[in-house]
Amino acid sequence: MTRDLHTPTTTPTTTAPGTTGAPAARPTGWRRLTMVAAIAGPGLVAANAGNDAAGIATYASAGSQFAYGTLFFMVLVTVALVMVQEMAVRLGAYTGKGLGALIREQFSLRLTALAVFCLLLANTGLVVSEFAGIGAAFELLGVPKWAVIPPAAILLWALVLFGSYHWAERIFLIMSLAFFAYPVAMILGHPDWAAVGRHLVVPHVELSKDFILLAVALIGTTVSPYMQFYAAAGVVDRGAKPADYPLIRADAVLGAVFACVISLTIIIATAAAIGGTGPLNSAAQAAEALKPVAGQNAELLFALGLIGASALAGAVVPLSASYAIGEAVGVERSVSRSFRDAPLFLGLFTAQIVLGATLAMTPIDVIRLLIGTQVLQGLISPVVLVYLLVLTNRRTVLGPAANGPRYRIAATAVVVGVATMSTILLVQTVLGWFGLG
């Protein structure tokens, strides 16, 4: 049973990385296994939701356009995701509040409105892209998107409102395991391992607008703003306490690393298959990387994984915005509540599903939409990350679990790095408007 979201904050009893203080005794034996089963999930789900339709299109496009050239950049992005997700779940575990509620309490009304606006702006395009991904997957199987998207929208909506969302969450994760084929495809595709190793450790930078655009898209799809809101809210919604933090941290870190390893294999497998051919033009082209594993069934395998990944993110993305707004306004928000108990929370979720499914059925360039939404995510990410950094730095919020000096420096470097990439892209875009780019 879900804990009341308005329960007073529990006094921290364990310490976080980079902090001081005596850690609490860790649970052992069956107690630890029970806690893993009860707590594990929000970090893994949030990070792996990034490997959705838009994420796969972005990673595959990185491999097709620049072959192995973005691998070192992805290593840096992986480190960033680990730190960001850890800070998000730490806030949820130690305060018993989601990121939206903390922003409302710690910042002015205008700054709270800015955070919510940025999240809604980024999420609107993402919800559309998830349903577009579902439609594209079924089109690979010969089923028109207009026959699939409305039933998919109704199913996702009903699972959250009337069914067991957490059960559905596991089903979507299992379907997403089809993308485990990418590590195998990477090996069977016989990539240039010397080039792979070199690009993993040696920075490669191109000052072209295409490279910067894709780099920002990689940031956006890997360190998406909604992930932080969902991860913190998911920890709170499951009733986690400070004593559970070691397990919550493990879930967040392992989930982030797992998601990024899959992302790296998508880039490498695609580079080995069609590297250097330019931007992707279709989902069928993205499926080419799976031919070493599935042969003529590559499109079928790709479609299966795409359906699961898009369905998972199709629920997680609108839920993250509903959590954030519900927290910012201070109303009831939980997937365990009825429509009568949480009308704003579930109403917002419903509105996003309807809008996303409706726009996804319009005649749009799916690949351009998928990558474009990730660029928007990358531009907005620095704003959300600043809020996250300020909150985790404040001892008035986290007490002894606040960021220590070293962790604060590292986290600041992450935020500055993301902001710098976004600024470069913005400058290039504005100069391009005047014919100077």
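Scope of this entry: the structure provided in the associated data block.

1. Concerning the side chain of Gln 352
Then comes step 1: Relative to the assigned elements, Gln 352 resides in helix H17 (residues 343-360).
Then comes step 2: On the accessibility criterion, Gln 352 (13% relative accessible area) is buried.
Then comes step 3: Here the side chain of Gln 352 touches Pro 318 through a polar contact of 3.0 Å, landing on its backbone oxygen.
Then comes step 4: Side chain to side chain, Gln 352 and Ser 322 meet in a polar contact 3.3 Å long.

2. Here we look at helix H12 (residues 225-237)
Residues lying three or four places apart along an α-helix face the same way, a consequence of the helix completing one turn every 3.6 residues.
Then comes step 1: Between its first and last C-alpha, H12 extends 19 Å over 13 residues, near the 18 Å set by a 1.5 Å rise per residue.
Then comes step 2: By the criterion of burial, H12 is predominantly enclosed, with 13 of the 13 residues buried.
Then comes step 3: Just downstream of H12 lies Gly 239, where phi reads positive at about 75 degrees.

3. Here we look at the environment of Ala 153
Then comes step 1: Counting through the fold element by element, Ala 153 comes out in helix H7 (residues 149-161).
Then comes step 2: When the C-alpha positions of Ala 153 and Thr 358 are compared, they lie 9.5 Å apart, and in sequence the two are 205 residues distant.

4. Thoughts on the packing of aromatic side chains
Then comes step 1: Inspection of the entire model under this criterion finds 5 aromatic pairs.
Then comes step 2: Ring geometry for Phe 66 against Phe 211: centres 5.1 Å apart, planes inclined by 80 degrees, an arrangement best described as edge-to-face. Here Phe 66 is found in helix H3 (residues 53-66), whereas its partner Phe 211 is found in helix H11 (residues 209-222), with 145 residues between them in sequence. Take Phe 66 and Phe 211: they sit in the same class, and that class is buried.
Then comes step 3: Judged by centre distance (5.1 Å) and plane angle (55 degrees), the rings of Tyr 323 and Phe 345 are tilted. With Tyr 323 in helix H16 (residues 298-329) and Phe 345 in helix H17, the pair connects residues that are 22 residues apart, well separated along the chain.
Then comes step 4: Its relative accessible area of 0% is what places Phe 345 among the buried residues.
Then comes step 5: Among the aromatic residues, those joined into a ring-pair cluster are Tyr 230, Tyr 323 and Phe 345.
Then comes step 6: Note that Arg 90 overlies the ring of Tyr 407, its terminal NZ or CZ placed 5.3 Å from the centroid.

5. Notes on the packing of helix H5 (residues 99-106) against H12
Then comes step 1: Closest axis-to-axis distance for the H5/H12 pair is 8 Å, and the angle between their directions is 100 degrees. On the basis of their axis angle, the class for H5 and H12 is roughly perpendicular. On H12, the residues that touch Leu 99, Gly 100 and Ile 103 of H5 are Gln 228, Phe 229 and Ala 232.

6. Here we look at a nonpolar patch on the surface
Then comes step 1: A surface patch of nonpolar side chains, amounting to about 500 Å² of accessible area, comprises Trp 167, Ile 171, Ile 174, Leu 177 and Phe 180.
Then comes step 2: Mapped onto the elements of the fold, Leu 177 is located in the loop between helix H8 (165-176) and helix H9 (181-188).

7. Let's talk about the nonpolar core
Then comes step 1: Phe 131 and Phe 302 are the most contacted members of the largest nonpolar core, which totals 139 residues.
Then comes step 2: It is H16 that contributes the most residues to this core, 17 residues altogether.

8. Remarks on the pattern of salt bridges
Then comes step 1: In total, this model carries 4 salt bridges according to the counting rule given.
Then comes step 2: One salt bridge connects Lys 291 with Glu 288, and the closest N-O pair in it is separated by 3.6 Å.
Then comes step 3: Relative accessible area serves as the criterion here: at 38%, Lys 291 is assigned to the partly exposed category.

Procedures and definitions
- Residues numbered from 1 in each chain as written.
- Predicted model: local features only at pLDDT ≥ 70, side-chain atom pairs only at ≥ 80, totals over all residues.
- Heavy atoms only, no water.
- Helix = DSSP H or I, 4+ residues; strand = E, 2+ residues; numbered from the N terminus.
- Buried < 20%, exposed > 50% of the residue type's maximum accessible area, 1.4 Å probe, protein only.
- Polar contact = N/O pair within 3.5 Å; in protein donor to acceptor, adjacent residues only side chain to side chain.
- Expected span 1.5 Å × (residues − 1).
- Phe/Tyr/Trp six-rings, centres within 6.5 Å; stacked < 30°, edge-to-face > 60°.
- Lys NZ or Arg CZ within 6 Å of the ring centre and 35° of its normal.
- Axes fitted to C-alpha atoms, helices over the stretch in contact; angles between N-to-C directions.
- Parallel < 35°, antiparallel > 145°, perpendicular 65-115°, else oblique.
- Contact = heavy atoms within 4.5 Å.
- Patch = residues over 30% accessible without salt bridge, like charges linked within 9 Å, V, L, I, M, F, W, Y side chains within 5 Å.
- Areas by Shrake-Rupley, 256 points an atom, 1.4 Å probe, with all protein chains shown as cover.
- Salt bridge = Lys/Arg side-chain N within 4 Å of Asp/Glu carboxyl O.
- Core = buried A, V, L, I, M, F, W, Y, C linked by side-chain atoms within 4.5 Å.

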